Amino acid sequence: MSEAVNFKYIGTRPVRPDGVDKVTGRANYGADANLPGMIHGVVLRSPHAHAIIKKIDLSQVRLLDGIYAAVSGNDFPEVSSGSMGGEGGGDYKDLAANIMARNKVLYHGHAVAAVAARTRELAVEALALIQVEYEILDPVMTLDAAMAEDAAILDESMFTQGVDPKPKYPSNIASRIEFKRGDIEQGFLEADIIVESEFRTPTVHQGYIEPHACLASINEGGQATLWCSTQGHFDVRAASAKVLNMDLCDIKVIPSEIGGGFGGKTVVYQEPVAILLSRISGRPVKMVMDRDEVFRASGPASASHTRVKIGARSDGTLTAMSCWMAFEAGAFKGSAIMPGAMCIFTPYKVANFYIEGFDVVVNKPKVAAYRAPGAPQAMYACESLMDELARKLEMDPLELRLVNAVEEGVQAAYGPKFNAIGFRECLEVAKQHPNYTRALKEGQGRGVAAGFWFNVGMQSSAEVHINENGTVMVIEGNPDIGGSRASMALMAAETLGVPYEKVRVVVADTENAGYTNVTGGSRVTFATGMAVIQAAQDIISQAKQRAAATWELDEDQVDWQNGHAIPMPGVNADVEPLSLARIAANSGRTGGPLLGRASLNAKGAGPGFSVNIAEVAVDRETGKTDVIGFTAIQDAGKAIHPAYVEGQLQGGAAQGIGWALNEEYIYDEKGVMQNAGFLDYRIPVASDLPKIDTHIVEVANTAHPYGVRGVGETPIVAPLAAVANAVRDAIGVRITELPLSPSRVLESIDGA
Amino acid sequence: MGSFAYAAPDNLADALAVLEQHKNAGQRIQIFAGGTDVLVQLKAGDSEPRTFLDVKNIRETQTISLKGDSAFIGATIVCAQLYENLALKEMFPGLIESADLIGSTQIQGKATLGGNLCNASPAGDTIAALYANKAICMIAGKSGSRELPVEDFVTGVGRNALKPGEILLGLKLPKPNANTSDAYLRFIPRTEMDIAVVGAGVSITLDDEGVCVDATVAISAVAVTTLLVPEAAQALIGSSVDEVALQAAAQASSAAARPISDKRGTKEFRRKVVGVLTRRAALIAANRVKGEAE
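Residues numbered from 1 in each chain as written. Chains lettered and ligands numbered in written order. Predicted model: local features only at pLDDT ≥ 70, side-chain atom pairs only at ≥ 80, totals over all residues.

A.B. asks: Account for the overall build of chain B, naming residues and giving values.
C.D. replies: Counting secondary structure elements, chain B contains 12 helices and 14 strands. Its C-alpha atoms give chain B a radius of gyration of 19 Å, within 12% of the compact-globule value 19 Å for 294 residues. Taken along its principal axes, the extent of the C-alpha atoms in chain B is 60 × 45 × 30 Å. Split into buried and exposed, the 294 residues of chain B put 50% on the buried side. Considering only contacts in chain B between residues 6 or more positions apart, those separated by 24 or more positions represent 65%. (Helix = DSSP H or I, 4+ residues; strand = E, 2+ residues; numbered from the N terminus. Rg over C-alpha atoms; globule rule 2.2 N^0.38 Å. Buried ≥ 20, exposed ≤ 12 C-beta atoms within 10 Å, placed from the backbone. Contact = placed C-beta atoms within 7 Å.)

Now the structure itself:
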């Protein structure tokens with residue numbers, strides 16, 4: 001651990017700069033953009049889960065008064081295959097086919113056509129005039145069905161990658177991956193005890209409250225402007241350019257405030273459609289999904305099936321861990337099987353492991369990132385089985401984890417050696433926590449689980465402008481989801497030595513900020529924060545030059561302390577310290593405005609570890625589970641704004657509890673989702689949750705000037721298993737499939 | 001597209017006239033109170049143009065009267081008015097609780113008792129409590145008024161016994177004596193903002209020795225309409241509402257249920273839990289009579 005540092009601004013809890021507009025309703029979200037002459041675009045969606053499009057006839061709808069444009073897949077350019085990169089991954093060709101179906105529809109709700117009309121109501125009415133002829137195919141709705149020998153094939157050109165020799169027949173299995181170390185068979189031979197089980201999780205949605213929304217306007221010269229709610233406007237620009245075969249520089253993307261994303265707004269759906277409709281109509285086109293469309297046609301998280309086997313000595317030391325895991329990708333390849341497989345055993349030191357994973361297509365919407373994509377499903381399986389192992393060994397479950405916990409210097413299952421990490425510290429905090437030992441009543445149970453997420457760095461840019469009175473503008477390119485303006489301002493204030501209140505942060509569009517990767521991967525406070533710090537240091541260096549010139553000293557004779565230039569200790573100069581405000585006021589005489597900048601590809605994102613304690617009460621007669629206590633402990637490296645770190649921990653816990661207890665896509669036999677609304681897709685409401693206690697562990701990430709490691713995703717990893725383990729503790733039966741809905745819990749109690 | 005019309009007469013005669021006029025002209029008209037169901041249905045697909053007849057300004061539908069042997073609750077009294085009325089809460093704690101379970105606080109400021117009944121959802125929260133309290137529907141029409149027991153009013157999923165031209169004015173409930181009380185429980189997977197997967201309303205009358213002399217049991221979300229379960233009531237009558245009687249009542253409710261499996265719960269789950277809720281509601285009602293803490 002690094003030594004304690006006394007920060008002046010970092011670690012305080014000021015009000016967020018965007019707060020007033022957000023609580024008063026003044027903030028502009030995706031659907032709030034409007035332009036004169038604007039018309040409204042809506043999408044015709046497939047009524048079938050799996051079908052061949054024989055014919056689409058738009059002639060009738062185009063004749064209707066008030067309809068300005070109508071398009072189907074044929075109106076979009078051919079897009080060739082190519083990796084999209086970024087957190088969501090995926091392929092541009094698939095993206096194009098997801099945005100507007102070509103030849104085949106692959107899920108109920110798949111876009112097949114779009115119209116733009118004078119009003120949204122007219123556009124909706126006009127959809128009925130579009131004639132589509134389908135040849136209906138069998139829907140493939142589960143991993144078992146998709147992987148079966150005789151399964152209907154979604155994509156005849158898909159041959160499983162990663163198997164040798166190359167398969168002769170097409171398959172719904174897009175790829176197979178494998179990770180291993182040591183000798184797995186020998187590892188199990190060395191075990192005194194072996195536990196194994198299999199676990200399933202359902203399709204779930206991020207549940208962001210703001211639906212996808214955009215407004216596109218393209219001029220006669222072919223230059224488009226797009227206002228939208230997104231986690232990454234540079235990615236929207238890249239994807240829209242690719243899908244429409246436009247030049248990047250002909251699309252300007254202006255991000256709105258964002259009402260939640262959680263990974264789900266790293267993908268584009270309507271934006272290229274809106275640009276195309278605008279090009280045809282010559283008018284600005286607005287498109288806003290309704291909730292039903294968000295559920296049916298945006299990207300949920302994978303359903304999963306995982307078989308796990310763990311071997312240990314009687315003292316708890318792990319000797320072997322193996323797993324077989326399959327993730328649903330939805331209609332197109334590209335689930336989070338890779339990160340899921342890479343993280344499943346990462347919290348533990350084990351000499352022998354074997355991991356086999358499958359990416360499988362099914363007739364559901366293409367999955368998108370959801371906080372720590374792949375990790376919650378994978379670690380639900382591992383951490384549930386670790387709980388069973390502790391029970392078999394009659395060992396404290398935290399102690400079992402402490403015996404095997406990874407630490408600095410250990411080679412991670414996914415490759416690199418860990419730098420300083422805070423996993424052991426989190427486990428120790430949990431062990432000492434009063435919520436771990438307080439007495440429970442009859443019918444109540446407690447469970448613990450660990451969580452892990454890699455976190456990423458990636459590319460960021462930032463500028464710092466000093467106003468003529470010494471106040472500070474920070475210009476950056478990450479939509480603010482979790483309070484990042486406040487964090488950026490705190491880091492700039494700390495670096496420059498000026499008060500937080502004197503710093504303003506601007507989230508600039510694609511033409512006014514340097515290239516910056518998405519708000520995702522828990523990267524913003526780490527990577528963009530580092531860019532802001534470097535840009536502020538650039539300012540300091542310039543300010544010292546200006547002071548040196550003013551004082552007729554050499555540059556290296558000037559130091560920077562508490563927002564002032566001062567002579568270095570030992571430098572004989574009879575001068576008063578120069579504040580940033582003074583230097584700014586005189587900047588016209590010393591070389592012009594102060595403008596600092598930095599761009600980087602950040603390396604060394606510190607991995608995040610967490611430990612959760614869940615306490616539940618189960619009604620044995622109805623199967624209903626109430627979460628009566630929840631404690632989230634996580635290593636944040638350094639909490640720049642502790643309240644927002646706590647908010648991340650609590651938000652992840654809330655979403656993880658929903659995933660554990662009630663959330664799931666329910667389909668009928670035709671592959672039609674039955675619960676595409678918040679009434680029957682049950683995310684927790686406020687009264688469903690106890691106060692979620694938090695404890696921030698701070699083991700500094702040495703790669704960041706202030707020790708930051710990402711905190712946005714790790715919080716959702718552990719709750720699934722923590723809740724499941726608590727329910728196991730309460731009812732005495734292990735349920736191996738989520739959600740732990742009342743029907744399922746009651747069935748298990750009655751069946752036991 | 002056709003157009004919508006809205007009428008909000010301030011007296012019954014005018015309201016009946018509007019209904020009559022539409023009936024004679026063969027024009028669609030829909031009675032509208034809080035709108036918390038109607039507006040959702042309109043948005044969800046039934047967007048055919050029609051006239052909405054807002055009945056909230058009619059004095060009779062806005063009345064609460066506790067004079068005489070019966071209580072009268074106007075059809076457009078909203079949930080919040082119900083649970084803020086302490087006298088009503090004292091008399092019909094179960095019914096008032098059922099009104100307090102609907103939607104959110106905001107919805108409860110608009111959603112009405114009459115609307116919940118007329119919407120006739122199998123899962124309607126106040127309906128089982130109204131059945132348990134032997135409520136009588138007070139109906140007005142051009143040719144006079146009529147009374148109908150609530151269990152005859154609900155005729156199917158989303159269907160009620162109102163004839164074209166008629167308005168539900170309110171509900172008349174026999175006032176409970178000191179030895180009678182009620183309870184309503186529903187099961188939802190969450191704590192609020194949800195629709196009953198199963199519901200049970202029970203009214204119980206005990207004699208001075210604590211023996212049950214009268215009971216009404218109604219169950220909801222387990223058939224196309226809320227059901228009265230006389231077998232469950234019989235199981236309680238004559239007992240001291242002990243565990244044996246409660247179990248028998250629970251079994252009777254489970255046996256009477258004709259549930260389906262859907263996105264909200266399985267058939268087996270509903271059948272079992274409707275028994276559990278019957279037992280728990282009966283116990284709460286009995287304890288209320290005895291004045292015991294719940």
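A.B. asks: Give me the lowdown on the overall build of chain A, citing residues and values where you can.
C.D. replies: Across its full length, chain A carries 21 helices and 26 strands. Relative to its length of 752 residues, chain A is compact, with a C-alpha radius of gyration of 27 Å against a globular reference of 27 Å. If you line up chain A on its principal axes, its C-alpha atoms span 85 × 75 × 50 Å. Counting only residues that meet the buried cut, chain A has 57% of its 752 residues in that class. Restricting to contacts in chain A with at least 6 residues of sequence separation, those with at least 24 account for 79%.

A.B. asks: Give a description of the interface of chain B and chain A that names residues and reports values.
C.D. replies: Put simply, an interface is often sized by how much accessible area is lost when its parts join up. Opposite the 15 residues of chain B that make contact, chain A presents 18 residues. Ranked by the residues each element gives to the side of chain B that touches chain A, the list is headed by helix 12 (residues 267–290) of chain B, at four residues. Each residue belonging to the side of chain B that touches chain A can be placed in one class, and the counts come to seven nonpolar, three polar and five charged. (Nonpolar A, V, L, I, M, F, W, Y, C, P; charged D, E, K, R; others polar.)

A.B. asks: How would you sum up the domain arrangement of chain B? Please name residues and give values.
C.D. replies: All names here are of chain B. Domain annotation for chain B reports domain 1 (5–54), domain 2 (59–174) and domain 3 (180–289). On a C-alpha basis, the centres of domain 2 and domain 3 stand 20 Å from each other. Taken together, the contact pairs 24 residues of domain 2 with 26 residues of domain 3. Counting residues per element, the ones that place at least two in the side of domain 2 that touches domain 3 are helix 5 (93–100), helix 8 (125–132) and strand 8 (154–156). Considering each element in turn, the side of domain 2 that touches domain 3 owes the most residues, six residues, to helix 8. (Domains from an automatic or database assignment.)

A.B. asks: Run through the pairing of strand 14 (residues 318–330) of chain A, naming residues and quoting values.
C.D. replies: Residues and elements named next belong to chain A. With 12 of 13 residues buried, strand 14 is to be regarded as a mostly interior element. In terms of strand pairing, strand 13 (residues 304–312) meets strand 14 through nine bridges, oriented antiparallel. Pairing of Thr-306 across the sheet is with Met-325, part of strand 14. Linking strand 13 back to strand 14 in an antiparallel pair, the connection comprises five residues, with Gly-316 at a positive phi of about 100°. (Pairing = 2+ DSSP bridges.)

A.B. asks: Talk me through the packing of helix 11 (residues 243–256) of chain B against helix 12 of chain B; I want residue IDs and the actual numbers.
C.D. replies: Residue and element names in this part refer to chain B. One can describe the packing of helix 11 onto helix 12 by two numbers: an axis separation of 7 Å at closest approach and a directional angle of 140°. Overall, the two elements helix 11 and helix 12 adopt an arrangement that is oblique. Between helix 11 and helix 12 lies a crossing whose hand is right-handed. Across the interface between the two elements, Leu-246, Gln-247, Ala-249, Ala-250, Gln-251, Ser-253 and Ser-254 from helix 11 touch Arg-271, Lys-272, Val-274, Gly-275, Val-276, Thr-278, Arg-279, Ala-282 and Leu-283 from helix 12. Grouping the amino acids of the contact of helix 11 with helix 12 by side-chain chemistry returns seven nonpolar, six polar and three charged. (Axes fitted to C-alpha atoms, helices over the stretch in contact; angles between N-to-C directions. Parallel < 35°, antiparallel > 145°, perpendicular 65-115°, else oblique. Left-handed = near helix turned anticlockwise from the far one by under 90°.)

A.B. asks: Talk me through the environment of Tyr-9 of chain A; I want residue IDs and the actual numbers.
C.D. replies: All names here are of chain A. Note that Tyr-9 resides in the segment before helix 1 (19–24). We classify Tyr-9 as buried; it has 21 C-beta atoms within 10 Å. Those residues within four positions of Tyr-9 in sequence are excluded, and the remaining contacts are Leu-490, Ala-493, Glu-494 and Tyr-500.

A.B. asks: So what about helix 19 (residues 642–661) of chain A? Which residues, and what values?
C.D. replies: Taking 1.5 Å per residue, 20 residues should reach 28 Å; helix 19 of chain A reaches 28 Å between its end C-alpha atoms and fits that length. Across the 20 residues of helix 19 of chain A, 15 count as buried, placing the element largely inside the fold. (Expected span 1.5 Å × (residues − 1).)

A.B. asks: Lay out the packing of helix 15 (residues 484–496) of chain A against helix 16 (residues 524–551) of chain A in plain terms, naming residues and giving numbers.
C.D. replies: All names here are of chain A. Packing of helix 15 against helix 16 brings their axes to within 9 Å, and their N-to-C directions diverge by 35°. At the point where helix 15 passes helix 16, the crossing takes the right-handed sense. For the pair helix 15 and helix 16, the contacting residues are Ser-484, Ser-487, Met-488, Met-491, Ala-492, Thr-495 and Leu-496 in the first and Val-524, Thr-525, Thr-528, Gly-529, Val-532, Ile-533, Ala-536, Gln-537, Ile-539 and Ile-540 in the second. Taken together, the residues that form the contact of helix 15 with helix 16 break down as 10 nonpolar, seven polar and no charged.

A.B. asks: Tell me about the nonpolar core, residues and numbers included.
C.D. replies: Residue and element names in this part refer to chain A. Ala-492 and Val-723 are the most contacted members of the largest nonpolar core, which has 339 residues in total. A total of 13 residues in this core trace back to one element, the largest contributor, which is helix 16. Setting aside chain neighbours within four positions, we find Val-723 in contact with Gly-447, Ala-614, Val-616, Val-627, Ile-657, Ala-660 and Leu-661. (Core = buried A, V, L, I, M, F, W, Y, C linked by C-beta atoms within 7 Å.)

A.B. asks: Could you give an account of the domain arrangement of chain A, with specific residues and numbers?
C.D. replies: All names here are of chain A. Segmentation of chain A into domains returns domain 1 (40–137 + 212–288), domain 2 (304–455 + 606–751) and domain 3 (457–602). A straight line from the C-alpha centre of domain 2 to that of domain 3 covers 39 Å. Taken together, the contact pairs 18 residues of domain 2 with 15 residues of domain 3. Among the elements that line the side of domain 2 that touches domain 3, the one with the most residues is helix 19, at three residues.

A.B. asks: Tell me what's going on with the sheet that holds strand 13 (residues 212–220) of chain B, and back it up with residues and numbers.
C.D. replies: Two orientations exist for strands paired in a sheet by backbone hydrogen bonds: parallel and antiparallel. Residue and element names in this part refer to chain B. Strands sit in the order 11-12-13-14 across an open sheet of four strands; the sheet is antiparallel. The sheet terminates laterally at strand 11 (180–187) and strand 14 (227–228), the two strands that pair on one side only. The pairing of strand 12 (residues 198–206) with strand 13 spans eight bridges and is classified as antiparallel. Bridging from a neighbouring strand, Gly-199 pairs with Ser-220 of strand 13. Helix-sheet contacts for helix 12 involve strand 11, strand 12 and strand 13, and the interaxial angle to strand 12 is about 30°.

A.B. asks: Go over the confidence of the model for chain B, please, and point to the residues and values.
C.D. replies: Looking at chain B, the pLDDT average stands at 95 and 99% of residues meet or exceed 70. In the model output, the complex is listed with pTM 0.97 alongside ipTM 0.94. (pLDDT = per-residue confidence, 0-100.)

A.B. asks: Describe the sheet that holds strand 6 (residues 136–141) of chain B, naming the residues involved and giving the relevant values.
C.D. replies: All names here are of chain B. One open sheet accounts for five strands, arranged 4-5-10-6-7; its pairing is antiparallel. In this open sheet, the two strands that pair with only one neighbour each are strand 4 (64–65) and strand 7 (144–149). Alignment of strand 6 against strand 7, held across six bridges, turns out to be antiparallel. Bridged to Cys-137 within strand 7 is Leu-148.

A.B. asks: Can you explain helix 3 (residues 92–99) of chain A? Please cite residues and give values.
C.D. replies: The buried count for helix 3 of chain A comes to six of eight residues, which makes it a mostly enclosed element. Of the surrounding elements, those touching the buried residues of helix 3 of chain A are strand 5 (111–117), helix 7 (233–244) and helix 8 (271–281) of chain A.

A.B. asks: Would you mind going over the environment of Val-55 of chain B in detail, with residue names and values included?
C.D. replies: Residue and element names in this part refer to chain B. Relative to the assigned elements, Val-55 resides in the loop between strand 3 (51–54) and strand 4. Overall, the presence of 27 C-beta atoms within 10 Å leaves Val-55 in the buried class. For Val-55 and Leu-12, which are 43 residues apart along the polypeptide, the C-alpha to C-alpha distance reads 8.4 Å.

A.B. asks: Could you give an account of unusual backbone geometry, with specific residues and numbers?
C.D. replies: The amide bond that connects Asp-164 of chain A to the next residue, Pro-165 of chain A, takes the cis arrangement and shows omega of 0°. The topology assignment puts Pro-165 of chain A in the loop between helix 5 (143–147) and strand 7 (173–181). We note that Ala-372 of chain A has phi near 55°; this positive angle belongs to a residue other than glycine. Along the chain, the position of Ala-372 of chain A falls in the loop between strand 15 (353–361) and helix 11 (375–393). Within the chain, Lys-134 of chain B stands out as a residue other than glycine whose phi angle is a positive 55°. With 18 C-beta atoms counted inside 10 Å, the residue Lys-134 of chain B sits in the partly exposed group.

A.B. asks: If you had to explain the pairing of strand 11 of chain B to someone new, which residues and values would you point to?
C.D. replies: All names here are of chain B. Among the eight residues in strand 11, eight count as buried, and that is most of the element. Of the strand pairs in this sheet, strand 11 and strand 12 are connected by eight bridges, and their pairing is antiparallel. Among the inter-strand pairings, Tyr-184 is bridged to a residue of strand 12, identified as Gly-201.

A.B. asks: Please provide a residue-by-residue account of the environment of His-108 of chain A, values included.
C.D. replies: Residues and elements named next belong to chain A. If you trace the backbone, His-108 turns up in the loop between strand 4 (104–105) and strand 5. For the pair His-108 and Ala-69, spaced 39 residues apart in sequence, the C-alpha to C-alpha distance is 24 Å. The contacts of His-108, once residues within four sequence positions are left out, are Ser-46, Pro-47, His-48, Ala-49, Arg-296, Gly-671, Val-672 and Met-673.

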